[in-house]
Amino acid sequence: MSTFVKPENALKRAEELINVGQKQDALQALHDIITSKRYRAWQKTLERIMFKYVELCVDMRRGRFAKDGLIQYRIVCQQVNVNSLEEVIKHFMHLSTEKAEQARSQAQALEEALDVDDLEADKRPEDLMLSYVSGEKGKDRSDRELVTPWFKFLWETYRTVLEILRNNSKLEALYAMTAHRAFQFCKQYKRTTEFRRLCEIIRNHLANLNKYRDQRDRPDLSSPESLQLYLDTRFEQLKIATELELWQEAFRSVEDIHGLMCMVKKTPKASLMVVYYAKLTEIFWISSSHLYHAYAWLKLFTLQKSFNKNLSQKDLQMIASSVVLAVLAVIPYDKTRGASHLELENEKERNLRMANLIGFNLDPKLEKREVVMHYHRRHVTKGVMSCATQEVKDLYHLLEHEFLPLDLASKIQPLLAKISKLGGKLASASSIPEVQLSQYLPALEKLATLRLLQQVSRVYQTMKIESLSQMIPFSDFYVVEKISVDAVKNNFIAMKIDHIKGVVTFGHPGLESEGLRDHLTHFAESLNKARGVIYPPVQKASKLGEIIPTLGEVVEKEHKRLLARKSIIEKRKEEQERQLLEMEREEESRRLKLQKITEEAEQKRLAAEYEQRKNQRIRREIEEREHEEAQALLEEAEKRSKSKGKKKPILEGEKVTKQTLMERALNEQLRERQEMEKKLQKLAKTMDYLERAKREEAAPLIEAAFQRRLVEEKMLHQQEQNQEIETSRQRHDGDLGEKNRLARMLDNKLIFEERVISRRQAEFDQRRVEREERINQILQARKQEREAMRKRIFFVRTEEERLKKLREEEEARKFEEAERQKKEEAERQAKLEEIFKRQKQRDLELEEKERLRKEALLGRSTDGPSRFSESRPLETGAAAAAASSTPVAAPAPGPGKYVPRFRRERVDGGGQAPPPEPDRWGSRSDDRPPQSSDRWRSDDRKPSYGSKGWSSSRGAPRDR
């Protein structure tokens, strides 16, 4: 076993061995690392090692190595990182599948290559003998050697993965995925033997899961996710079993599904139940269990009608027709008559198993015909007949309600012809297989024959065979005879066929022995009736007349009392059930809480113990390693001292350390090396003398032996040459005889060769003509495609140019419209600014006149304006500046012309008054200026110029 200090070293070593072609040694090195007890703690390096390990196992087809390594790796990462195990297993299955597909693509005849009954069986003796006797191997055997080993390995891979994941609750999804892929493998390559083994493996896994319930990581079937995964796996198993026509495995799969449903006591989804009953219909029809086949169809009809909202009327008619025809296909008598006790018990057990699968709960004491009549009434009352097609309704009415002994078969025959054409795939019910009503024709013809014979036996006692054959046109008379024999055997009808006289005799179903068995009882009953007529009994007075008037009230009261008692009992039961449910729920919640607390405490304790053991183990390993190294050094020193006859370098009982031993060992090694060098020098000189002396003595002896060998080999060469000449002469004579014997077949060989060459030349010419025609068709099709492509490209380009031109015209029109609107807006804004300027000038003139009038009235002195100017320096100075600048002011720009800000500032600096700022926030259509408070606030700190002076716009204008 290889030992490495770190796992990375083992991985590097394995890669080096792979590069030099030593894959077996690399696999063994990685296997030793994985199975070593030193590396039980998970780390990322171990995952890389596992990836390389499974790659080597797949390349070398070592399934047992792969299984052993995966089991060890599961132990390492089960509690730490289970996702790593999932990734490794997925990689393992991916590589196996890829290798199998590559081998399959290399094989040219897959059907011959996979013509093996059992992938797990070794080669048969016949195959081995054939491979050794035959001179050249056929193509089928070469394909078998190429493909079959990889498919064996892929099958072993699936088994290994399922075995590893069978009791792992954290990888249930991967287990289900592996099972599905294994089922698809069996389906794709028609592996019936492996499919049976796979079903048995999965079945054993579930049985062990239920048997050992105290396992640590056991999946919990009570959880919905786990149950759904297991049910999906079983339904996939059921589908593949029916597709492979393995009806026994399909029936066992149905029993597995039913066992799962009974185990958790929860009904699966309606879609799964539809698949369940659809597959049951196929299984029961194949097993000739027509009664259970009919009940399965009834269940399927009920589910589709209740849960399939997209079910069309046509599909509903097809399903209902299948239900009715399946019921009619049931034989109206019991075939167990006259069977032995063992056969009856086996039939009873079989019927019980099938009845449990579909919830078939009827009184077992009823006879078969009573069961059939009971189901006839149930179908009619449940509304199945109303959904069936008209042909099926007419057929049911003729077979069950009409009494037409002479023309029953003639009326049924056209209906059967129409029914045989009905069927097909259901569009709105994908889970139901293809419905073919033609499969019921043999059973319906048999039922029609039985009904006709039954009705004819009630009317006729004797009938000719020719007449009876004409009455049943859809069956030959030997078929009618076979059906009648079976019916008579099971006591359904009583008839005899006399072929000598050519007649059929009908009678009562009861035999003569059964009629004579109770003749004394019938005779006694008849005598009692006659005596009662002759001597009628004396009628005693009764109280019936008194009871009858009050009987209605008593019955009504008793009925009400029973109804009240029933309602009270129901309420008590409901209350008791509710209390029990609440108690169970509370108990379950307490149990789960206590279990959770216990599990958490257990996990903490285990983690602490694991950490403590880990630390102790590390310390102990370090101490043991140092002690072992010291002990090894000590033993080596003792051996050296004993071999040289010296005393021990260290006394027993003395406390030694690794450092002391290493120093002593180094000194001893240095001294021994010096002594050894001296001995070697002396020995080399001695050996040199001895070798020279030996060669001087051996030279004449070697020359003499060489001369003797030359003479012996010359004689031996002469003998072998003579023997070869004789052998060649004999072989030549034999070949000449063989040539003369085979010369007779030369003409036949030439004829056969010419025939083969001519046939192959004709086949070659035919294939060449077909190839040229196919190439011409392809060229013509490509030419048409190119022409169509050119037309499409021309149309697309023309359309793009037209749309581009329209867009350009639209953009030009929009641009002109925008320019026109801008121009109109500028003219309107200029008019508004001119109106506002005039209005403001008038307001200033009015204010100035009003001020002068008030000063004149108050008799103010001439310094009044100066005081006014002192109180309002800003207004007076601005007004004086405006007044002084009025005569020399430059001409103002036009009313609609835009003046930039830098030009207005230049005018202000030069002493020229700028024009009033236009209204940029709104416009008015009338002659009045804007009077909102926002307009006056926006003009704060902006002087307004007029003809006579200026005034600040902080306050509201006066006397507008």
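- Naming follows an unreviewed UniProt entry, where the protein chain appears as Eukaryotic translation initiation factor 3 subunit A of Tripterygium wilfordii.
- You can read under Subunit (unreviewed entry) in the UniProt record for the protein chain the words "Component of the eukaryotic translation initiation factor 3 (eIF-3) complex."
- UniProt, in the comment section headed Sequence similarities (unreviewed entry), describes the protein chain in these words: "Belongs to the eIF-3 subunit A family."

### Some points on the overall build of the protein chain
Step number 1: Along the backbone of the protein chain there are 32 helices and seven strands.
Step number 2: By the burial criterion, 30% of the 960 residues in the protein chain qualify as buried.
Step number 3: Sequence-distant contacts in the protein chain: of pairs separated by 6 or more residues, those separated by 24 or more amount to 72%.

### Structural notes on the packing of helix α21 (residues 441-459) against helix α23 (residues 477-489)
Step number 1: Relative to each other, α21 and α23 sit at 70 degrees, their axes nearing to 10 Å. With respect to each other, α21 and α23 are oriented roughly perpendicular. α23 is crossed by α21, and the crossing has right-handed handedness. In this structure, α21 uses Lys446, Thr449, Leu450 and Leu453 to contact α23, whose residues at the interface are Val480, Ile483, Ser484, Asp486 and Ala487.

### Points about the sheet that holds strand β3 (residues 462-464)
Step number 1: The three strands lie next to each other as β3-β5-β4, forming an open sheet whose pairing is antiparallel. Only two strands of the sheet have a single neighbouring strand rather than two, namely β3 and β4 (494-498). With strand direction ignored, the average angle separating the axes of adjacent strands in the sheet is 20 degrees.
Step number 2: Bridge count for β3 against strand β5 (residues 503-507) is three bridges, and the pairing is antiparallel. For Lys464, the partnering residue across the bridge sits in β5 and is Val503.

### Overview of the nonpolar core
Step number 1: One finds Tyr276 and Leu395 to be the most contacted residues of the largest nonpolar core, which totals 159 residues.
Step number 2: Looking at which element gives the most residues to this core, the answer is helix α13 (residues 270-286), with eleven residues.
Step number 3: With sequence-adjacent residues up to four places away left out, Leu395 is seen in contact with Leu325, Leu328, Ile412, Leu415, Leu416, Ile419 and Leu444.

### Concerning the side chain of Asp315
Step number 1: With respect to the helices and strands, Asp315 occurs in helix α15 (residues 313-328).
Step number 2: Buried charge Asp315 goes without a salt bridge, the closest partner of opposite sign being Lys314 at 6.5 Å.
Step number 3: There is a polar contact of 3.1 Å between the side chain of Asp315 and the side chain of Ser312.

### Considerations on the pairing of β5
Regular strands show a simple pattern: their side chains alternate between the two faces of the sheet.
Step number 1: Pairing of β4 with β5 involves five bridges; the strand directions are antiparallel. Across the sheet, residue Ile497 finds its bridge partner in β5, namely Val504.
Step number 2: The turn linking β4 back onto β5 is made up of four residues, and Gly502 within it adopts a positive phi angle of 75 degrees.

### With respect to helix α14 (residues 290-307)
Step number 1: When the terminal C-alpha atoms of α14 are compared, their 26 Å separation across 18 residues agrees well with the 26 Å that a helix rising 1.5 Å per residue should span.
Step number 2: Where burial is concerned, most of α14 is hidden: 13 out of the 18 residues are buried.

### A short note on the pattern of salt bridges
Step number 1: Within this structure, the stated rule accounts for 42 salt bridges.
Step number 2: A salt bridge links Glu194 to Arg191; the nearest nitrogen and oxygen atoms lie 3.2 Å apart.
Step number 3: A relative accessible area of 5% places Arg191 in the buried class.
Step number 4: In this structure, the salt-bridge partner of Glu753 is Lys749, at a minimum N-O distance of 3.4 Å. In this pair, Glu753 and Lys749 are both assigned in helix α28 (residues 746-858), four residues apart and thus about one turn of the helix distant.

### Points about a negative patch on the surface
Step number 1: Residues Glu623, Glu624, Glu626 and Glu628 make up a contiguous surface patch of negative charge.
Step number 2: With respect to the secondary-structure elements, Glu624 resides in helix α26 (residues 544-643).
Step number 3: Given the relative accessible area of 41%, Glu624 is considered partly exposed.

### Some points on unusual backbone geometry
It is generally the case that most residues other than glycine have a negative phi and that most peptide bonds are trans.
Step number 1: Positive phi outside glycine occurs at Arg61, with the angle close to 55 degrees.
Step number 2: Relative to the helices and strands, Arg61 resides in the loop between α3 (44-60) and α4 (63-77).
Step number 3: One non-glycine residue, Lys190, adopts positive backbone phi at about 55 degrees.
Step number 4: With respect to the element layout, Lys190 can be found in the loop between α9 (172-188) and α10 (192-211).

### Digging into a nonpolar patch on the surface
Step number 1: On the surface, a cluster of nonpolar side chains totalling about 500 Å² of accessible area is made up of Met676, Leu680, Leu683, Met687 and Leu690.
Step number 2: If you trace the backbone, Leu683 turns up in helix α27 (residues 658-742).

### Regarding the packing of aromatic side chains
Step number 1: Per the counting criterion, the structure on display carries twelve aromatic pairs.
Step number 2: Between Trp150 and Phe153, the ring centres sit 6.2 Å apart and the planes meet at 85 degrees, which makes this aromatic pair edge-to-face. Remark: Phe153 and Trp150 occur in helix α8 (residues 139-164); sequence separation between them is three residues, near one turn of the helix.
Step number 3: Here Trp285 and Tyr440 contribute two aromatic rings whose centre-to-centre distance is 5.0 Å and whose plane-to-plane angle is 70 degrees, an arrangement assigned as edge-to-face. Of this pair, Trp285 sits in helix α13 while Tyr440 is found in the loop between β2 (435-436) and α21, placing the two residues 155 residues apart along the sequence.
Step number 4: When its relative accessible area of 1% is taken as the criterion, Tyr440 is described as buried.
Step number 5: Among the aromatic residues, those joined into a ring-pair cluster are Phe151, Tyr158, Phe185 and Tyr189.

### Considerations on α15
Step number 1: The terminal C-alpha atoms of α15 lie 22 Å apart, and with 16 residues this matches the ideal 22 Å at 1.5 Å per residue to within 8%.
Step number 2: The element α15 is extensively covered by neighbouring structure, given that 13 of its 16 residues are classed as buried.

### Side note on the confidence of the model for the protein chain
Step number 1: On average, residues of the protein chain score 77 in pLDDT, and 76% of them are at 70 or above.
Step number 2: A low-confidence stretch, residues 511-515 stays under pLDDT 50, and its non-local contacts, those more than four residues away or across chains, total one contact.
Step number 3: Contacts of residues 861-896 to residues separated by more than four positions or lying in other chains number 29 contacts, the stretch itself having pLDDT below 50.

### Let's talk about the state of the cysteines
One covalent bond between the sulfur atoms of two cysteine residues makes up a disulfide.
Step number 1: In total, this model carries zero disulfides according to the counting rule given.
Step number 2: Free cysteine: Cys199, not disulfide-bonded; nearest cysteine sulfur from Cys186 at 7.8 Å.

### Some thoughts on the environment of Arg350
Step number 1: Residue placement: Arg350 occurs in helix α16 (residues 341-358).
Step number 2: Ignoring anything within four residues of it in the chain, the contact list for Arg350 reads Ser287 and Ser289.

### Let's talk about the packing of α3 against helix α5 (residues 82-106)
Step number 1: With their axes 10 Å apart at the nearest point, α3 and α5 run at an angle of 20 degrees to one another. Judged by the inter-axis angle, α3 sits roughly parallel to α5. The element α3 and its partner α5 pack so that their crossing is right-handed. The segment α3 lies against α5, with Glu47, Met50, Phe51, Val54, Glu55, Val58 and Asp59 engaging Ser84, Glu87, Val88, His91, Phe92, Leu95, Ser96 and Lys99.

### What to know about the side chain of Ser321
Step number 1: If you trace the backbone, Ser321 turns up in helix α15.
Step number 2: Apart from the residues within four sequence positions on either side, Ser321 is in contact with Ala388, Thr389, Val392 and Leu437.

Calculation rules
Residues numbered from 1 in each chain as written. Predicted model: local features only at pLDDT ≥ 70, side-chain atom pairs only at ≥ 80, totals over all residues. Heavy atoms only, no water. UniProt positions renumbered as here; feature names shortened; annotations may be inferred. Helix = DSSP H or I, 4+ residues; strand = E, 2+ residues; numbered from the N terminus. Buried < 20%, exposed > 50% of the residue type's maximum accessible area, 1.4 Å probe, protein only. Contact = heavy atoms within 4.5 Å. Axes fitted to C-alpha atoms, helices over the stretch in contact; angles between N-to-C directions. Parallel < 35°, antiparallel > 145°, perpendicular 65-115°, else oblique. Left-handed = near helix turned anticlockwise from the far one by under 90°. Pairing = 2+ DSSP bridges. Core = buried A, V, L, I, M, F, W, Y, C linked by side-chain atoms within 4.5 Å. Lys, Arg positive; Asp, Glu negative; His and termini not counted. Salt bridge = Lys/Arg side-chain N within 4 Å of Asp/Glu carboxyl O. Polar contact = N/O pair within 3.5 Å; in protein donor to acceptor, adjacent residues only side chain to side chain. Expected span 1.5 Å × (residues − 1). Patch = residues over 30% accessible without salt bridge, like charges linked within 9 Å, V, L, I, M, F, W, Y side chains within 5 Å. Areas by Shrake-Rupley, 256 points an atom, 1.4 Å probe, with all protein chains shown as cover. Charge placed at Lys NZ, Arg CZ, Asp CG, Glu CD. Phe/Tyr/Trp six-rings, centres within 6.5 Å; stacked < 30°, edge-to-face > 60°. pLDDT = per-residue confidence, 0-100. Disulfide = S-S within 2.5 Å.

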